[in-house]
Amino acid sequence: MRLFVAAQLPVELVDALAETSASLRSCVSGRFVGPDLFHVTLAFLGEVPAMQVTEVASLVRISCDGMPPFSTTLGALGSFGRRSQAVLWQGFSAGQDEWAELARRVRAGLDEGGFAYDGKGFLPHVTLMRRANVAHGTLPVPCVERGVVDTVVLYASDLSGPRPRYEPIECVKLQQDG
């Protein structure tokens, strides 16, 4: 199974991201990500044998133990890659320390279990478009909204259809110890 661990976003952030995405349609061409697929990837594992999925789910649960929900605010737009084939995303202007701690915990748990993941540096963001042509013109001002992140999900992703499908395997609610 193709697995990744992500933070699920609250509805108010998803709605604001969808509004930003809609405003991009008038000035940027590319492949838009549907609001039902918005998330913040904490660790991408890639292919994992089905018999190890339960172990990965357990590690995700344990790594989130004691991590409280946290407030975050959507921030600026950014991009990765070439400007004519970019990944266009929206970042966060608040909650940076909490995002970093959540990713550190998840990745440390996977390390302890011996599971490899994409070791790129962590930058909290939500992908809005792929293959975006951002070489010309200016981007709109993104919608800014505040919300509380309280759920981490282990997903299986299926890329065999016309658009990706993400199947939740394990959902973990963040909660303060005590």
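The structure contained in this document is the topic of the report that follows. Being a predicted model, the structure only gives us computed values, none of them experimental. (Residues numbered from 1 in each chain as written. Predicted model: local features only at pLDDT ≥ 70, side-chain atom pairs only at ≥ 80, totals over all residues. Heavy atoms only, no water.)

**A short note on the environment of Val-60**
So, point 1. As for its position among the elements, Val-60 is in helix α2 (residues 53-64).
So, point 2. Assessed through its relative accessible area of 1%, Val-60 is described here as buried.
So, point 3. Apart from the residues within four sequence positions on either side, Val-60 is in contact with Val-5, Val-152 and Val-172. (Helix = DSSP H or I, 4+ residues; strand = E, 2+ residues; numbered from the N terminus. Buried < 20%, exposed > 50% of the residue type's maximum accessible area, 1.4 Å probe, protein only. Contact = heavy atoms within 4.5 Å.)

**Let's talk about a negative patch on the surface**
So, point 1. On the surface, Glu-12, Asp-15, Glu-19 and Glu-145 cluster together into a patch of negative charge.
So, point 2. Turning to its location among the elements, Glu-19 is positioned in helix α1 (residues 11-24).
So, point 3. A relative accessible area of 52% means that Glu-19 is categorised as exposed. (Patch = residues over 30% accessible without salt bridge, like charges linked within 9 Å, V, L, I, M, F, W, Y side chains within 5 Å. Areas by Shrake-Rupley, 256 points an atom, 1.4 Å probe, with all protein chains shown as cover. Salt bridge = Lys/Arg side-chain N within 4 Å of Asp/Glu carboxyl O. Lys, Arg positive; Asp, Glu negative; His and termini not counted. Charge placed at Lys NZ, Arg CZ, Asp CG, Glu CD.)

**Brief notes about unusual backbone geometry**
So, point 1. Notably, Arg-131 is not glycine yet its phi reads approximately 55°, a positive angle.
So, point 2. Its place among the elements puts Arg-131 in strand β6 (residues 125-133).
So, point 3. With a relative accessible area of 54%, Arg-131 lands in the exposed category.

**A closer look at α2**
So, point 1. Helix length check: α2 (12 residues) gives 17 Å between terminal C-alpha atoms against 16 Å at 1.5 Å per residue, within 8%.
So, point 2. Its buried side turned inward, α2 meets β1 (2-8), β3 (40-47), α3 (96-113), β8 (151-158) and β9 (165-173).
So, point 3. A positive backbone phi angle near 85° is found at Gly-66, which sits one or two residues after α2. (Expected span 1.5 Å × (residues − 1).)

**Here we look at the environment of Val-152**
So, point 1. With respect to the secondary-structure elements, Val-152 resides in strand β8.
So, point 2. Once the C-alpha coordinates of Val-152 and Ser-71 are considered, the two residues, 81 residues apart in sequence, prove to be 14 Å apart.
So, point 3. Those residues within four positions of Val-152 in sequence are excluded, and the remaining contacts are Val-5, Ala-6, Ala-7, Leu-42, Val-60, Cys-64, Leu-102, Glu-170, Cys-171, Val-172 and Leu-174.

**Concerning the pattern of salt bridges**
So, point 1. By the definition in use, this model includes 6 salt bridges.
So, point 2. Glu-170 is paired through a salt bridge with Arg-61; the nearest N and O atoms lie 2.9 Å apart. With Glu-170 in strand β9 and Arg-61 in helix α2, this pair connects stretches of sequence that are 109 residues apart.
So, point 3. A residue is classified by how much of its surface remains accessible, and Arg-61, at 37% relative accessible area, is partly exposed.
So, point 4. In this structure, the salt-bridge partner of Glu-101 is Arg-105, at a minimum N-O distance of 3.0 Å. One end of the pair, Glu-101, and the other, Arg-105, are both in helix α3, 4 residues apart, so they sit about a helical turn from each other.
So, point 5. Relative accessible area serves as the criterion here: at 26%, Glu-101 is assigned to the partly exposed category.
So, point 6. Three or more residues are tied together by salt bridges with common partners; here these are Glu-101, Arg-104 and Arg-105.

Taken by themselves, the reported measurements are silent on function.
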